[in-house]
2 protein chains.
Amino acid sequence: MHWPKNMILRQSLQILWRTPLHEVLLWRSRWAEGRRRCYSTALSERLRERFAFKKATHSIAQLYLDPEISTELRLASLPVEQKVVVLHGWIDSAPRKLSKRLTFATLRGAQFDFVTSNGSSAVGLNGDSSEDLAGKNTIQLVQMHPENIKEDDYHSLRRMKQETPVCVEGTVGIHKGTDGRYEITIVKITALNDTMNFASQVRETKQWDPKDRYLQLRTPALQRALALRSRVASLVRTEFSELGFTEIETPLLFRSTPEGAREFLVPSRTNAGKMYALPQSPQQYKQLLMAGGVHRYYQIAKCFRDEDLRADRQPEFTQVDLEMAFSSAADVQAVVERVLTRVWRDVRGVHLEMPFKRLRYADAMSLYGIDKPDLRGGLELIDLSAFATSTRHSNYPVFEILKYRPSGPSDAPTLAGAPDGYPTLRSPLMYKIDLAKEPAEAWLKAAASEFKLKFHSGTSDVGAVAAVIMQAYNIQDGDILFACTRQQVPFENPTPLGRQRLHLLHGKVKSDEIAPLWVVDFPLFTPVERQEVVDGHIEFDYDSLMSTHHPFTMPVLSDESLGAVLDVASSAPDTHTQLDACTVLGQHYDIVINGVELGGGSARIHDSMLQRLILAEIMKVRGVLRDPEAEQPENPFTHLLTALSMGCPPHAGLAVGFDRLCAMLYGSESIRDVVAFPKTQSGADPLVGSPSEVRADVLLSYHMQLADKK
Amino acid sequence: MHWPKNMILRQSLQILWRTPLHEVLLWRSRWAEGRRRCYSTALSERLRERFAFKKATHSIAQLYLDPEISTELRLASLPVEQKVVVLHGWIDSAPRKLSKRLTFATLRGAQFDFVTSNGSSAVGLNGDSSEDLAGKNTIQLVQMHPENIKEDDYHSLRRMKQETPVCVEGTVGIHKGTDGRYEITIVKITALNDTMNFASQVRETKQWDPKDRYLQLRTPALQRALALRSRVASLVRTEFSELGFTEIETPLLFRSTPEGAREFLVPSRTNAGKMYALPQSPQQYKQLLMAGGVHRYYQIAKCFRDEDLRADRQPEFTQVDLEMAFSSAADVQAVVERVLTRVWRDVRGVHLEMPFKRLRYADAMSLYGIDKPDLRGGLELIDLSAFATSTRHSNYPVFEILKYRPSGPSDAPTLAGAPDGYPTLRSPLMYKIDLAKEPAEAWLKAAASEFKLKFHSGTSDVGAVAAVIMQAYNIQDGDILFACTRQQVPFENPTPLGRQRLHLLHGKVKSDEIAPLWVVDFPLFTPVERQEVVDGHIEFDYDSLMSTHHPFTMPVLSDESLGAVLDVASSAPDTHTQLDACTVLGQHYDIVINGVELGGGSARIHDSMLQRLILAEIMKVRGVLRDPEAEQPENPFTHLLTALSMGCPPHAGLAVGFDRLCAMLYGSESIRDVVAFPKTQSGADPLVGSPSEVRADVLLSYHMQLADKK
């Protein structure tokens, strides 16, 4: 596996072992005179070649930009004899022996010129396919060999494997039969390292072993992904600094939080028995910065979540985090729109219309059956509450339908499957309108029995109702209807029709269109979901509420929201008033693009009494009491409540998933493509072998030991 | 502690408790009509004021830039009646009652305008003192009160405490008796939150309780520190991107490394019994990026070190990390010089001469007795090996002196104390040349007996030798000499004379001068330090060597260095050759400014066989064998060695301590001033209370438990 098959090593060791000790000692004594053993000499000569190499004069792209070269070549399309260039890179395609004395090969440049010296996007960031890029960054090498090459001639192109990193000195000529592409006639080529046998990365398309991540990174596709991510970060920062934001790093060694079921713990050696926790977001520290008089804060922050990695998640991820003092939700949204608009313009050349669309949570759920709708492709749901109510399940009264008109006979939609973890969840009723076979109202009859519909008109003449509906919503012969029920304000998300809509639209929306959207007025609280699913319906415990996002979100300033919260939170302990999760709205907002939730934020509670009431009386956080005078030592929010009471200004903020943002700009479904060293589904990094076992005695120095198996 | 002393809360609860339950229920039933209890009403009214406030029209600095205002005021120095401005900020000085109807106070603006919209440094970054800043960001408020103010008039300036965040609407006028400074005549002022009693931050200069960090952050000094750090980061990134670097994030959930005695461990829930480790630097990942074909990588990276926090260290710190493929040490140094030169120019207006000075480690030690010399202030040490050798301790033969000429009779230098942890370490011999009292050679006689000097000339005529030395080095009557001994190549660092020099220079160097320096050619290996100190000399075990920096550093390409390493590493297992730690040099370089080591880097070993030989045969890392075919599963470097053998190009890199860099640019001794939320010496954050205890059942979910007390 090592360089020339350890030949030299073996040889020399034999020599060494054949050598009597006194001679070895003699050699050692000759050190000072600089005499070396044959072994070290051979080895060090080879190594010196690898470490003392010429500086590159050009990247491949720079060759084409060099006027000296292009002029010469225009005059005579011969190699530019008088100018020897030095290139760095890898042998990209296996060298081809053309004659006894002639070898060709392709060199892949050491540097993809994605970004020009002034930082603006050049080759590759917009548009170019990986193949284009590969082309742009390769050049043909030609080597004329001497009369006969020794078998061990290390510096013959002919002997070099693919992916050998080389330093090439040569002259530039026109590659015959190409549209003016260059080729290099080798004067000297030096192998700068060994390489094992594997196909060139550039044309490699296999499934990659995570262990080979660094090889995969050599592919133009991932080189482009890395360059794009770097460029996006730079654009985001430029925009923020132009908007007067201060970039501030907040600690990663944070403290364990009550809701931190999914946090990583970090035992401290110097504080026996105590732990830090890695933050799931800089939320608390950035609110402390607001109390600290910081006007506009941002950070591209590392965050951590120790959860079983469903879907496309990573245990460590990056978010663009911002917070603004003396500001409202609208102020934050305006900033985020500017940043996203700039990024899409500069990276993708796409213009986003400002201000972005806004949709209330309730409307998103009733029109699209999901809180992060993809606005492209239409297919809005139809709420039929005006006509009938479902009595099948008291909490799921709303009767709604989705009308689908097939594009042709071949277009036969299917029912959406149940989502992961909810195999028993109900599917919509699917009904094809076929007037030749049955009366128009057949579908409604079917729905009526399926969902135990109660018609408001009280009429039993379903036909009449069906007629009105079909006319109102232009339902025609051949249309396919999907019917189902939902909660008044759905906490089941997506709803069955929401799932069905996604299923119908899957793969049908133009991908180049970008449809940004703010979803606002979320319920401040969400009823806790019960374990059981009864007759396909998810059961909720409307008496025990949790924060829909986090307990620092400010309620909407209406009687129904702020008023109701205060009413309940401040009522005497013995009066069992109850909060209506559906009517209480929070000043939370999500930024959604093409059905992907890129981020979310809120106006925060900066009044310590209100925050205290919510934590103590509604969230029922252990250790938090309504009365500030009766402060408990175990209150995990003392620092925040105190900070709020020290003249903390009003503030609002947001966090955008940076990995997700880059993946979207890169045009990939998976964030793994825009993360240099992603973890696997199990949270492992097979490349370096993390996480790994640690010796018990080491653990002990952290005052820890593995739990006894029970 | 809460707003108006919970008066309203108490009142309303009394009301509530006096109320029969059926009435409460009645109220509840009236929700829909929007009727509220007196309690909630009072509360929600107050809260609405706090959350629904006007947008600011100006920052204080912007007032002076507004032509509309300045013109109006020039015409008639009356308040600009027709223009009402809205300002955000804090009540900075306690309101002063001037008459029954007139109140004055100072408003501190919500925003220090350090940075203009185009990101260039405006107020504050260069020069301005905190007082200047405080002045620039405050303005006088004037309120005319109505006939009589109610005691609980919440909106009277007179009632407001310092540090109350407010929204002020008012008209602009000239503050009489000032050089044209403005004042605001209040139309309406709204308190946006409560505040407890404490003096204004701007004039506050007490020792800060870490718990009050966010209050300290409000001071102009720290506001400036935060702005400066943000600006430096932005400059560094701009320069790197102009140089074609790609910013790449490397994982923070890394694996435990053999030398990781000081790392933080992170138990994984999803991988029972296994741990991640937080990286002490991105070293391995960035070398993998080089194997991954990344041309130029940089990152402003979070790193972690779980050590007892000596001096000015933090358990989590930030470093500017870079690595360059197909590059040499010189290439890296050129880049770093450009970055630092730009930062000092743009932030401090200081011009640094490129290229920076270079000093070999051996020369730094013999001229200054330390490997991070402060070049300002001279006082070079004098090596007297040419004349005499000390025989007092075989490993400390070099006899050297430091000549100090007092500036006057009052200038009486003292001996430097012993360094922390080395109380028994020897001090230099201090001798004042006093020709009136004794012969010129007296000092040498004293030194001769103290250090058991052996004179090369073999002469016993010490006087003659002394005469030669004193003439050669211009030693005169009244000079003070410090004499001591050191190792040939000192691993004791600083040496006694090095410490003495620092002691003499302390506080004497002009602080505005910036003297950058590259220290190069470090010993690749350092002999392990023995525990005992014999007769004031640190004892070393020259048979057991450790990497001076890290095992990935490339030796210098000379016979004495590379040759010697290969010679030893590759010699047959049974031959006990030994490496001379003093003669083997590594391609490591430190960037030192004014005696502060800002960072260090090296050309790396990219040849897997050489890396393997050094790890296996010299470092003796458990699990690493010389023969790649005999790879061990427990080899912690398999991934790196494999990556190197896959066509990894030559590479070199460096890391600069970002906190230290910012502290230096800010002009502070301590990095705590440029870290938003620093940890204490014990590694704790008293503000949020980290680290903290975690319940045993929670630990159990991580498969961990506290170690049984032994």
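Residues numbered from 1 in each chain as written. Chains lettered and ligands numbered in written order. Predicted model: local features only at pLDDT ≥ 70, side-chain atom pairs only at ≥ 80, totals over all residues. Heavy atoms only, no water.

K.L.:
Please clarify how the overall build of chain A should be interpreted in this entry.
P.N.:
Each helix and strand in chain A was counted, giving 19 helices and 24 strands. The burial tally for chain A puts 58% of its 710 residues in the buried class. Restricting the contact set of chain A to residue pairs at least 6 apart, pairs at least 24 apart contribute 69%. (Helix = DSSP H or I, 4+ residues; strand = E, 2+ residues; numbered from the N terminus. Buried < 20%, exposed > 50% of the residue type's maximum accessible area, 1.4 Å probe, protein only. Contact = heavy atoms within 4.5 Å.)

K.L.:
Explanation requested: the pattern of salt bridges in the structure shown.
P.N.:
Side chains that carry opposite charge are capable of pairing whenever their charged atoms lie near each other. Summed over all chains, the structure comprises 79 salt bridges over all chains. Here B:Asp194 ties to B:Arg50 by a salt bridge, and the two come within 2.6 Å at their closest N and O atoms. You can see B:Asp194 sitting in the loop between strand 5 (182–191) and helix 7 (213–216) and its partner B:Arg50 sitting in helix 3 (residues 38–51), a full 144 residues away along the chain. Across this residue pair, the class does not change: B:Asp194 and B:Arg50 are buried. For B:Lys83, the salt bridge goes to B:Asp66, with nearest N and O atoms at 3.4 Å. Of this pair, B:Lys83 sits in the loop between helix 5 (67–75) and strand 1 (84–99) while B:Asp66 sits in the loop between helix 4 (60–65) and helix 5; the two residues are 17 residues apart in sequence, bridging distant segments of the chain. Comparing B:Lys83 with B:Asp66, the two get one shared label, buried. Each of A:Glu239, A:Glu242, A:Arg338, A:Arg342, A:Arg345 and A:Asp346 takes part in a single network of salt bridges with overlapping partners. (Salt bridge = Lys/Arg side-chain N within 4 Å of Asp/Glu carboxyl O.)

K.L.:
Sorry, what's going on with the relation of the copies chain B and chain A here?
P.N.:
Superposition of the two copies of the chain requires a rotation about an axis and a shift along the axis. When chain B is fitted to chain A, the residual RMSD is 0.1 Å, and the transformation amounts to a turn of 180 degrees plus an axial shift of 0.0 Å. When the rotation and shift are considered jointly, the pair of chain copies conforms to a two-fold rotation axis. Interface residue correspondence from chain B to chain A reaches 99%, placing this contact among same-surface, isologous pairings. (Least-squares fit on C-alpha atoms with pLDDT ≥ 70 in both.)

K.L.:
Is there a simple way to explain the sheet that holds strand 21 (residues 588–593) of chain A in this structure?
P.N.:
Two pairing modes exist for strands in a sheet, parallel and antiparallel, and in both the strands are linked by backbone hydrogen bonds. All names here are of chain A. Read across the open sheet, the eight strands follow the order 6-9-10-23-22-21-18-11; overall the sheet is mixed. Every other strand in the sheet has two partners, leaving strand 6 (246–247) and strand 11 (357–360) as the edge strands with one partner each. For strand 11 and strand 18 (residues 516–520), the ladder comprises four bridges, and the chain directions are parallel. Residue leucine 359 lies in a different strand from strand 18, and its bridge partner there is valine 519. Sitting on the sheet, helix 9 (residues 283–291) is in contact with strand 9 (296–304), strand 10 (316–325) and strand 23 (651–657), with an inclination near 20 degrees to strand 10. Its contacts with the sheet put helix 18 (residues 658–666) on strand 10, strand 21, strand 22 (596–603) and strand 23, and the angle it makes with strand 23 is roughly 50 degrees. (Pairing = 2+ DSSP bridges. Axes fitted to C-alpha atoms, helices over the stretch in contact; angles between N-to-C directions.)

K.L.:
Help me understand the pairing of strand 19 (residues 525–534) of chain A in this model?
P.N.:
Consecutive side chains along a regular strand alternate between the two faces of the sheet. All names here are of chain A. Taken together, the seven bridges between strand 19 and strand 20 (residues 537–547) define a ladder with antiparallel strand orientation. Paired with phenylalanine 525 across the two strands is serine 547, which belongs to strand 20. Taking the residues between adjacent antiparallel strands as the criterion, strand 19 and strand 20 are bridged by two residues, where aspartate 535 takes a positive phi near 50 degrees.

K.L.:
What should I look at first to understand the interface of chain B and chain A in this one?
P.N.:
A common way to state how big an interface is: give the accessible area lost once the parts meet. Every contact between the two is made by 167 residues of chain B and, on the other side, 167 residues of chain A. Contact with chain A buries surface across chain B, with B:Phe51, B:Phe326 and B:Met646 losing the most and accounting together for 5% of the total. Of the charged contacts in the structure, one is a salt bridge between B:Arg229 and A:Glu249, with a shortest N-O distance of 2.6 Å. Taken together, the connections running from chain B to chain A amount to 66 residue pairs in polar contact (both at pLDDT 80 or more). Among the elements that line the side of chain B that touches chain A, the one with the most residues is helix 8 (residues 220–242) of chain B, at nine residues. Among the residues making up the side of chain B that touches chain A, the classes are represented as 80 nonpolar, 49 polar and 38 charged. (Buried area = accessible area lost by both parts, 1.4 Å probe. Polar contact = N/O pair within 3.5 Å; in protein donor to acceptor, adjacent residues only side chain to side chain. Nonpolar A, V, L, I, M, F, W, Y, C, P; charged D, E, K, R; others polar.)

K.L.:
It is not clear to me how the packing of helix 15 (residues 559–569) of chain B against helix 16 (residues 608–618) of chain B should be interpreted in this structure. Could you clarify?
P.N.:
Two packed helices can be described by the angle between their axes and the distance between those axes. Residues and elements named next belong to chain B. Where helix 15 meets helix 16, the closest approach of the two axes is 9 Å, and the angle between their N-to-C directions is 60 degrees. Relative to helix 16, the element helix 15 is oriented oblique. Here the hand of the crossing between helix 15 and helix 16 comes out left-handed. Contacts between helix 15 and helix 16 pair Leu562, Val565, Leu566 and Ala569 from the former with Leu610, Leu613, Ile614, Glu617 and Ile618 from the latter. (Parallel < 35°, antiparallel > 145°, perpendicular 65-115°, else oblique. Left-handed = near helix turned anticlockwise from the far one by under 90°.)

K.L.:
I keep staring at the nonpolar core and nothing clicks. Help me out?
P.N.:
It is characteristic of soluble globular proteins that their nonpolar side chains tend to be buried jointly. Residues and elements named next belong to chain A. Counting 112 residues, the largest nonpolar core has Val232, Leu322 and Trp344 as its most contacted members. Among the domains, domain 1 (60–204) and domain 2 (375–508) are the pair contributing at least three residues each to this core. Look past the residues within four positions of valine 232 in its chain and what remains in contact with it is Val343, Val347, Phe658, Leu661, Cys662 and Leu665. (Core = buried A, V, L, I, M, F, W, Y, C linked by side-chain atoms within 4.5 Å. Domains from an automatic or database assignment.)

K.L.:
Any chance you could explain the packing of aromatic side chains here in plain terms?
P.N.:
For any pair of aromatic rings, the description rests on two quantities: the centre-to-centre distance and the angle between the ring planes. Tallying each qualifying case throughout the model produces 26 aromatic pairs over all chains. Note on B:Phe491 and B:Phe540: the rings are 6.2 Å apart at their centroids and 55 degrees apart in plane angle, and the pair reads as tilted. In this pair, B:Phe491 sits in the loop between strand 17 (480–486) and helix 14 (496–505) while B:Phe540 sits in strand 20 (residues 537–547), placing the two residues 49 residues apart along the sequence. In this structure B:Phe540 comes out as buried when scored by relative accessible area, which is 6%. An aromatic cluster of at least three residues, connected via ring pairs, comprises A:Phe240, A:Phe245 and A:Tyr298. Positioned above the aromatic ring of A:Tyr702, the side-chain terminus of A:Arg269 is 6.0 Å from the ring centre. (Phe/Tyr/Trp six-rings, centres within 6.5 Å; stacked < 30°, edge-to-face > 60°. Lys NZ or Arg CZ within 6 Å of the ring centre and 35° of its normal.)

K.L.:
What is the right way to read empty space enclosed by the protein from this model?
P.N.:
Once rolled over the atoms, a probe with the size of a water molecule shows which space is left empty. Evaluation of the coordinates by the stated rule reveals 18 cavities of 30 Å³ or more. Space inside the largest cavity adds up to approximately 450 Å³. Surrounding the largest cavity, 29 residues form its lining, A:Arg237, A:Ile300, A:Ala301, B:Arg237 and B:Ile300 being those nearest its centre. Residue assignment for the lining of the largest cavity shows that the elements contributing at least two residues are helix 8 (220–242) and strand 9 of chain A together with helix 8 and strand 9 (296–304) of chain B. Split into classes, the residues belonging to the lining of the largest cavity amount to twelve nonpolar, seven polar and ten charged. In this structure, the second largest cavity spans a volume of roughly 180 Å³. Residue lining of the second largest cavity: 19 residues in total, with A:Arg229, A:Lys302, A:Val675, A:Ala676 and B:Glu249 positioned closest to the centre. The set of elements that each furnish at least two residues to the lining of the second largest cavity consists of helix 8 and strand 10 of chain A. By residue class, the composition of the lining of the second largest cavity is nine nonpolar, three polar and seven charged. (1 Å grid on protein atoms, 1.4 Å probe; cavity = no way out; pocket = protein on both sides within 12 Å on 5 of 7 lines; lining within 4 Å. Points joined across faces, edges and corners; volume = space filled by probe spheres on them.)

K.L.:
Please explain the packing of helix 10 (residues 329–348) of chain B against helix 18 (residues 658–666) of chain B as it appears in this structure.
P.N.:
Residue and element names in this part refer to chain B. Remark: helix 10 packs on helix 18, axes separated minimally by 11 Å, with the N-to-C direction vectors making an angle of 35 degrees. Helix 18 is crossed by helix 10, and the crossing has right-handed handedness. Taken together, the residues of helix 18 that come into contact with helix 10 (itself represented by Leu340, Val343, Trp344 and Arg348) are Leu661, Met664, Leu665 and Tyr666. Of the residues in the contact of helix 10 with helix 18, the class split is seven nonpolar, no polar and one charged.

K.L.:
What should I look at first to understand the environment of B:Pro650 in this one?
P.N.:
Looking at the secondary structure, you find B:Pro650 in the loop between helix 17 (638–644) and strand 23 (651–657). In sequence terms B:Pro650 and B:Met324 are 326 residues apart; their C-alpha atoms lie 8.6 Å from each other. Sequence-distant contacts of B:Pro650, that is, excluding residues within four places in its chain, are made with A:Arg50, A:Phe53, A:Leu192, B:Met324, B:Ala325, B:Phe326, B:Ser327 and B:His606.

K.L.:
Help me understand unusual backbone geometry, please; the structure alone is not making it clear to me.
P.N.:
Both trends apply: most residues other than glycine have a negative phi, and most peptide bonds are in trans. For the peptide bond that leads from B:Met354 to B:Pro355, omega is -10 degrees, which places it in the cis range. Structurally, B:Pro355 can be placed in the loop between helix 10 and strand 11 (357–360). The omega angle of the peptide bond from B:Asn493 to B:Pro494 is 5 degrees, so this bond is cis rather than trans. In this model, A:Leu379 sits at a positive phi of 55 degrees, which is unusual for a non-glycine residue. By the secondary structure assignment, A:Leu379 is in the loop between helix 11 (361–368) and strand 12 (382–383). We note that A:Lys452 has phi near 50 degrees; this positive angle belongs to a residue other than glycine. Mapped onto the elements of the fold, A:Lys452 is located in the loop between helix 12 (442–451) and strand 16 (453–455). Judged by relative accessible area, which is 46%, A:Lys452 ranks as partly exposed.

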